[in-house]
Amino acid sequence: MVYLQRLARRTLLFASTALFAVTSHAVTVHGTVTDAVGRPVSDATVALVENGKVVLSRTSHADGTYQLSTGSSGQFYVLVAGKSFRQVTTKGFYAGALDSVEQNVVLEPEWVRQSIVVTATGTPTPQAQVSASVTTIPENDFRNRVDMVDALRQVAGFNVVQSGQRGGVSSVFIRGGSSDANKVLLDGVPIEDIGGVFDLAGLSTTGIANVEAYRGPNSVLYGSDASAGVIAFTTPRGSTPFPSLLYEADSGNFRTYRNQIQLGGTHSKLDYYGGFSDFQTHNSVPGDKAHLISETANLGYAWSSRTQLRVTAHNNDNASGLPGTYAFWGMSNDGKESDQNTYLAASIDHNFSDRWRGLVRYGLARKREETVQWYPAGNFVDDLYGGDYYGNPTTIRGANGYSVTGQAVMNYAGTYPSKGDLVSNRDNLYAQTGYDFTPHFGAVAGFRFEDERGAVHEWQYGIDETLERANYDYMLAFNGDFQQRVFFSLGGGIQKNQLYGTQGTPRIGVSYYPVRPGAGIFHGTKINFNFAKGVQEPNISDQFGSLYAFLLDHGGQSTVAQFGIRPIGAEESRTYDGGVEQSLFSQRVKLRATYFHNEFGNQIEYVPASVVPTLLPQLSPEQQQSLQAFLSSQFAYALTLNSMAYRAQGLEGEVEYGLGRNIFMRGGYTYLDAVVQRSFSSDALGPSYNPQFPDIPIGATSPLGGARPFRRPAHTGFTTISYTGNRYTLIATGAYASRSDDSTYLSGGTPAGDDSLLLPNRNLDHGYSKIDLGGSYNFNSWSGVYAQLNNLLSQQHISPIGYTSLPFNMRVGVRYTLGHLPRPK
């Protein structure tokens, strides 16, 4: 008996020791599973996955909590599924012996899309808890695309304008804001030019995992340039425990081809991803050959389970011909634009505790744009200024029914080849910390320093201008909720810019759920309200082309005093919006309706070079004519000043519908009522007139007071229908726009130096319907084919007046996979 007791005690001691040895070296993963509004989800299946295999699984408790422990260490992710919810995976993470890692999981409705977004609050937040209008675009929606131009047409409130065909300058106007009023981020690093200019055509889809499109000012979080919206791109991460390779090759009409290769995976504490693509096309207009070459890398290293190091790098080289406004000249110009853009982000993320986290990020942007005009293409005409080069006699027709006939200036007499360099470099250091005081209330504070350096070079004319700005931003914001019904975000930012001084920008957002989402026909009603101010710094050309500086340099002090012309400064915005979101049929359908009201003040507008000499009354008529000829020879078509104000209000409507697990439909419509309230062209100079339309005032380079801002159509919309099956996928998209105001910008651009080629601004640009169709078919797990058909209706007036859009075009290709595709992050 005594022997048995001793044996039992020894066995118990051995078992306890063994159990302690295992648990003392165990990895513990814990967290809470909630729905989109923060309510705990019980009985959800939670699995810990390592090397593609489930290590163990449990179900969440009544309060949504779970805990998983394993004796192994390495790269993991958590896989969670619940009834009426879509299966969700967390980001990959590394955990070693004795590590305790928190992984909170937000489950999404099974039928419609609700993602985790960052642009609204600065921290990952479920979209259902955000009051701002944010759209996420997953990689599947643009997988067959070359660039991001068409993908961003599928966002309510966005109007994407491309001047010409592939490679042509592509800009985004958000809710009536200007095209340079948007903050563009890549892995959190600003990549727009100094002053906000960004050309979407120069950003390849290679190395882009997803996109967030935020509508409304957010200078609180992102500083200058976020005065109309924010567009944030994210780089993919490697996720498979072995190297995974994806190769694609396609070709199409207009002598188009593309090759792309991507590689990703993980090894111990390291995750890696790399991508390369080469796209070439000749387009349909003579002299408009274009290419886009992209290289991408993303390296992450888990120093520990709490500290993550990451470096991402992108390089895009693109070039295109400059045929110009082909429809104005009846012939192509002979020029070329080349861009080399390099972006880098290096960050350290550290979780001091489950409540306290910190981030330090260094960002770099190196952008160089080089343009060259090889020779003065056109027909030499002995004009008012002694001789310039003009297009063929052409009839220019606007969408408003007006037309003019004549020869438009193409190039001015001067030195050729004519070369120009525009340099925009930025180094950025950002630090952010966040602390959750309770599970329902937290704060985020941040500091940003930017060193911006820009230059304009035109060596043949002796132009060598440079600038440098040292800017500082400070930010504090509070986010929280009350009983998972009221969600709020309140913050303020201070921007200290070397050019325009100090500006303050507040922001507040509130959401309220009278009826929280759930099962039922009308279960899920959300009311949103937002108010914010934004600020935007002038771009390089605006600063160098300041009318104020030009007048002072040329004896125009009396004109400066007469019209109150000031040094170039910050553009400002103020907006409020409100709306309702309604879920229908147990969250299978989601409807959104939003009213927005934007006030854009102190906006920069352009004064035509042809009228600048008249602002110097001390000059004789001969001297004024000589000055105008000089400005034209220097390609100084217009000078800038802060003198415009306009209002942009409207309505956005969106609908999402999940029909089963395979079909998903989205649609949106935006009505925009924009009107210019103040304009230097109207208030000080007066409008221009074409002798053929003597009773119609025309804004030659800027819209007139009471008119609509240029290139903001009153009606825009989009539709998306996608089907995802086991072997094949299909996605059909449509983008629609009504007519919009614009100008031919041909003031004085005739041999007689008159305005006979100006057309009335109202509804000058055509409306359009752009329909695209894409799809893919997988023969097996490692090979497949895909196709992308664009502009099925072959409409050639999608671009602004004067430019010819690319007609129907297509690409067909093959896709090979070795290993598995990187798991979406």
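Just above, that's the structure.
Let me begin by describing the structure that accompanies this report. These figures come from a predicted structure and were not determined experimentally.

## Describing the pattern of salt bridges
Thinking step 1. On inspection of all chains with the given rule, the structure shows 36 salt bridges.
Thinking step 2. Across the pair Arg39 and Asp35 runs a salt bridge, and its minimum N-O distance is 2.8 Å.
Thinking step 3. Its relative accessible area of 23% is what places Arg39 among the partly exposed residues.
Thinking step 4. The class of Asp35 is buried, set by a relative accessible area of 8%.
Thinking step 5. Its salt-bridge partner being Arg811, residue Asp250 comes within 3.0 Å of it at the nearest N-O pair. Of this pair, Asp250 sits in strand S21 (residues 244-252) while Arg811 sits in strand S47 (residues 809-818), and the two are 561 residues apart along the sequence. Comparing Asp250 with Arg811, the two get one shared label, buried.
Thinking step 6. Ionic contacts of the salt-bridge type, sharing partners, join the residues Arg145, Asp150, Arg153, Lys770 and Asp772 into one network.

## Examining the packing of aromatic side chains
Thinking step 1. As enumerated under the stated definition, the model contains 18 aromatic pairs in all.
Thinking step 2. Judged by centre distance (6.4 Å) and plane angle (75°), the ring pair of Tyr301 and Trp303 falls under edge-to-face.
Thinking step 3. Taken together, the ring pairs connect Tyr435, Phe437, Phe441, Phe478 and Phe488 into an aromatic cluster.

## Digging into the pairing of strand S5 (residues 74-81)
Thinking step 1. Among the 8 residues in S5, 6 count as buried, and that is most of the element.
Thinking step 2. Pairing of strand S2 (residues 45-50) with S5 involves 6 bridges; the strand directions are antiparallel. Within the sheet, the bridge partner assigned to Val46 lies in S5 and is Val80.
Thinking step 3. Where S5 and strand S8 (residues 93-95) come together, 3 bridges link them in antiparallel fashion. Along S8, the bridge assignment pairs Gln75 with Tyr94.
Thinking step 4. In this structure, S5 lies alongside strand S7 (residues 88-89), joined through 2 bridges in antiparallel fashion. Residue pairing in the sheet places Leu79 in a bridge with Thr89 of S7.

## Quick notes on the sheet that holds strand S14 (residues 133-138)
Thinking step 1. Strand order in the open sheet formed by 5 strands is S14-S19-S20-S17-S18, with mixed pairing between adjacent strands. Where the open sheet ends on each side, the last strands, each with one partner, are S14 and strand S18 (189-190).
Thinking step 2. Sheet analysis places strand S17 (residues 182-186) next to S18, joined by 2 bridges and oriented antiparallel. In the strand pairing of S18, Leu186 is matched with Val189.

## Looking at a nonpolar patch on the surface
Thinking step 1. A contiguous nonpolar surface patch, about 760 Å² in accessible area, is contributed by Leu490, Ile508, Val510, Phe529, Tyr576, Tyr595, Leu651, Tyr669 and Tyr671.
Thinking step 2. Elements with a contribution of two residues or more to the nonpolar patch: strand S37 (501-515) and strand S42 (663-678).
Thinking step 3. In this fold, Tyr576 is placed in strand S39 (residues 571-584).

## Brief notes about the pairing of strand S27 (residues 356-373)
Thinking step 1. Relative to S27, strand S26 (residues 335-351) runs antiparallel, the two being bridged by 17 bridges. When the sheet's bridge partners are listed, Asp339 is paired in S27 with Glu369.
Thinking step 2. The pairing of S27 with strand S33 (residues 418-438) spans 18 bridges and is antiparallel. The residue bridging Gly363 from the neighbouring strand is Asn428, located in S33.

## Notes on the nonpolar core
Thinking step 1. Grouped together as the largest cluster of nonpolar side chains are 34 residues, with contacts concentrated most on Met148, Leu152, Phe158, Val172, Leu200, Val211 and Phe233.
Thinking step 2. If you list the elements that add at least two residues to this core, you get strand S15 (158-162), strand S16 (170-174), S17, strand S19 (210-215), strand S20 (229-234), strand S40 (589-608), strand S41 (638-659) and S42.
Thinking step 3. Beyond its immediate sequence surroundings of up to four residues, Met148 is in contact with Phe142, Leu200, Leu203, Thr205, Val211 and Phe233.

## A word on unusual backbone geometry
Thinking step 1. At the junction of Tyr416 and Pro417, the peptide bond is cis and its omega measures out at 0° in the coordinates.
Thinking step 2. Mapped onto the secondary structure, Pro417 falls in the loop between strand S32 (409-411) and S33.
Thinking step 3. Of note, the phi angle at Gln484 is positive, near 55°, even though the residue is not glycine.
Thinking step 4. Inspection of the secondary structure puts Gln484 in the loop between strand S35 (463-482) and strand S36 (486-497).
Thinking step 5. Phi at Asn602 is positive, roughly 55°, even though this residue is not glycine.
Thinking step 6. Within the fold, Asn602 resides in strand S40.

Quick notes on the rules
- Residues numbered from 1 in each chain as written.
- Predicted model: local features only at pLDDT ≥ 70, side-chain atom pairs only at ≥ 80, totals over all residues.
- Heavy atoms only, no water.
- Salt bridge = Lys/Arg side-chain N within 4 Å of Asp/Glu carboxyl O.
- Buried < 20%, exposed > 50% of the residue type's maximum accessible area, 1.4 Å probe, protein only.
- Helix = DSSP H or I, 4+ residues; strand = E, 2+ residues; numbered from the N terminus.
- Phe/Tyr/Trp six-rings, centres within 6.5 Å; stacked < 30°, edge-to-face > 60°.
- Pairing = 2+ DSSP bridges.
- Patch = residues over 30% accessible without salt bridge, like charges linked within 9 Å, V, L, I, M, F, W, Y side chains within 5 Å.
- Areas by Shrake-Rupley, 256 points an atom, 1.4 Å probe, with all protein chains shown as cover.
- Core = buried A, V, L, I, M, F, W, Y, C linked by side-chain atoms within 4.5 Å.
- Contact = heavy atoms within 4.5 Å.

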